[in-house]
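So the chains spell out like this:
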Amino acid sequence: MSNEDKQQEDFISTVSHELRTPLTSIRGFAQTMLSSWDVLDDENKKKFIRIIEQQSNRLINLVENMLSVNKLQSFKDKLVYKTANANALIDPIVQIIKHQYPNHLIEETFNEKIPQILVDVDKFQQIMTNLIENAAKYSNDGTKIIVKTDFSTSPDYISIKIIDEGIGIKEEDFDKIFTKFSRLDNPLTRKVQGSGLGLYISRILIEKMNGEISVKSNENGTIFEVFLPVENVENQAIKPFKSTK
Ligand SMILES: Nc1ncnc2c1ncn2[C@@H]1O[C@H](COP(=O)(O)OP(=O)(O)OP(=O)(O)O)[C@@H](O)[C@H]1O
Ligand SMILES: [Mg+2]
């Protein structure tokens, strides 16, 4: 079997498994409700419907992530660059995630003086959503998450740090988490939903935007740092409509 066939086969078996798990659970709870409707009290009916809703969300998330991966691998997904202020793009994401994770303390430490960046706004927000959501998913209620923007030590880049007090990631897993369908085996990862595609998609998008992502972690928590190029004269020069003097 060629390497490509093998990859294809692995992909199909992973995807089938990822689809089957939530579907089996949706079917199971729907069947139980239909066959035992009269004996179930409202409390239990509600509980089952909530599970069906959660599992449907899991499927939607998975399908959306797989579509993103598929687009990333084709040339269809052209990035649309715009000059933007990172703080202004991150704030609404933080507000949404605060709402979804009311038991976490999510703080913004923004440097108001950071320069503008040149990014695809939707993709940038997709990356931030995954990183901040991960920080919340892989840490316990009551812990703090800091989203920090600043100048980077390397010139021409800004730095965005997502700092959590979660379960941490072992150094030997640093490379693995950025690959397709990779989820680490620990009690918290088993408890929360995910397709293992978020960091893979984020890394590819950041690299496409000429940036970089790195991770530092120990048992007290994790820091993901994203570097993105500032909008400067050099970047503007590659935009044809600006160089028509
Ligand atoms: N902040 C973090 N702290 C601890 N572990 C993390 C953190 N972020 C990611 N991980 C680990 O890396 C794995 C991969 O993360 P990734 O975002 O790619 O996938 P996911 O969150 O499982 O699913 P998805 O983002 O596709 O919904 C996670 O399953 C988790 O085990
Ligand atoms: Mg994720």
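Note that this is a predicted model, so its numbers are computed, not measured.

Conventions we followed
- Residues numbered from 1 in each chain as written.
- Chains lettered and ligands numbered in written order.
- Predicted model: local features only at pLDDT ≥ 70, side-chain atom pairs only at ≥ 80, totals over all residues.
- Heavy atoms only, no water.
- Near = heavy atom within 4 Å.
- Polar contact = N/O pair within 3.5 Å; in protein donor to acceptor, adjacent residues only side chain to side chain.
- Areas by Shrake-Rupley, 256 points an atom, 1.4 Å probe, with all protein chains shown as cover.
- Helix = DSSP H or I, 4+ residues; strand = E, 2+ residues; numbered from the N terminus.
- Nonpolar A, V, L, I, M, F, W, Y, C, P; charged D, E, K, R; others polar.
- Buried < 20%, exposed > 50% of the residue type's maximum accessible area, 1.4 Å probe, protein only.
- Domains from an automatic or database assignment.
- Contact = heavy atoms within 4.5 Å.
- Buried area = accessible area lost by both parts, 1.4 Å probe.
- Salt bridge = Lys/Arg side-chain N within 4 Å of Asp/Glu carboxyl O.

1. Some details on the site of ligand 1
Turning to step 1, where the next piece is worked out: Inspection of the region around ligand 1 gives 23 residues, with Tyr 138, Asp 164, Arg 183, Ser 195 and Leu 199 positioned closest.
Turning to step 2, where the next piece is worked out: Measuring from an oxygen atom of ligand 1, one finds a side-chain N or O atom of Arg 183 at 2.6 Å.
Turning to step 3, where the next piece is worked out: Within the complex, the protein chains bury 99% of what would otherwise be the 590 Å² of accessible surface of ligand 1.
Turning to step 4, where the next piece is worked out: For the shell around ligand 1, the elements supplying multiple residues, two or more each, are α2 (42-73), α4 (121-137), α6 (198-208) and β7 (221-229).
Turning to step 5, where the next piece is worked out: When residues of the shell around ligand 1 are assigned to their parent elements, the largest contribution, 3 residues, is made by α4.
Turning to step 6, where the next piece is worked out: When its residues are assigned to classes, the shell around ligand 1 shows 8 nonpolar, 12 polar and 3 charged.

2. Points about unusual backbone geometry
Turning to step 1, where the next piece is worked out: A positive phi is found at Asp 156, a non-glycine position, where the angle reads about 75°.
Turning to step 2, where the next piece is worked out: As for its position among the elements, Asp 156 is in the loop between β4 (144-151) and β5 (157-164).
Turning to step 3, where the next piece is worked out: Note on Asp 156: relative accessible area 45%, which makes it partly exposed.
Turning to step 4, where the next piece is worked out: The phi angle at Asn 210 is positive, at roughly 65°, despite the residue not being glycine.
Turning to step 5, where the next piece is worked out: With respect to the helices and strands, Asn 210 occurs in the loop between α6 and β6 (212-218).

3. With respect to the domain arrangement of the protein chain
Turning to step 1, where the next piece is worked out: In terms of domains, the protein chain is made up of domain 1 (3-73) and domain 2 (81-234).
Turning to step 2, where the next piece is worked out: Once you take the C-alpha centre of each, domain 1 and domain 2 turn out to be 26 Å apart.
Turning to step 3, where the next piece is worked out: At the junction of the two partners, domain 1 supplies 15 residues and domain 2 supplies 13 residues.
Turning to step 4, where the next piece is worked out: Overall, the association of domain 1 and domain 2 removes approximately 1100 Å² of surface from exposure, summing both partners, and the carbon and sulfur fraction of that is 64%.
Turning to step 5, where the next piece is worked out: For the domain 1 face of the interface with domain 2, the top three residues by lost area are Asn 65, Val 69 and Leu 72, together amounting to 42%.
Turning to step 6, where the next piece is worked out: Across the domain 1-domain 2 interface, the total number found is 0 salt bridges.
Turning to step 7, where the next piece is worked out: Elements that contribute at least two residues to the side of domain 1 that touches domain 2 include exactly α1 (3-36) and α2.
Turning to step 8, where the next piece is worked out: Ranked by the residues each element gives to the side of domain 1 that touches domain 2, the list is headed by α2, at 11 residues.
Turning to step 9, where the next piece is worked out: Looking at the side of domain 1 that touches domain 2 residue by residue, the classes come out as 6 nonpolar, 7 polar and 2 charged.

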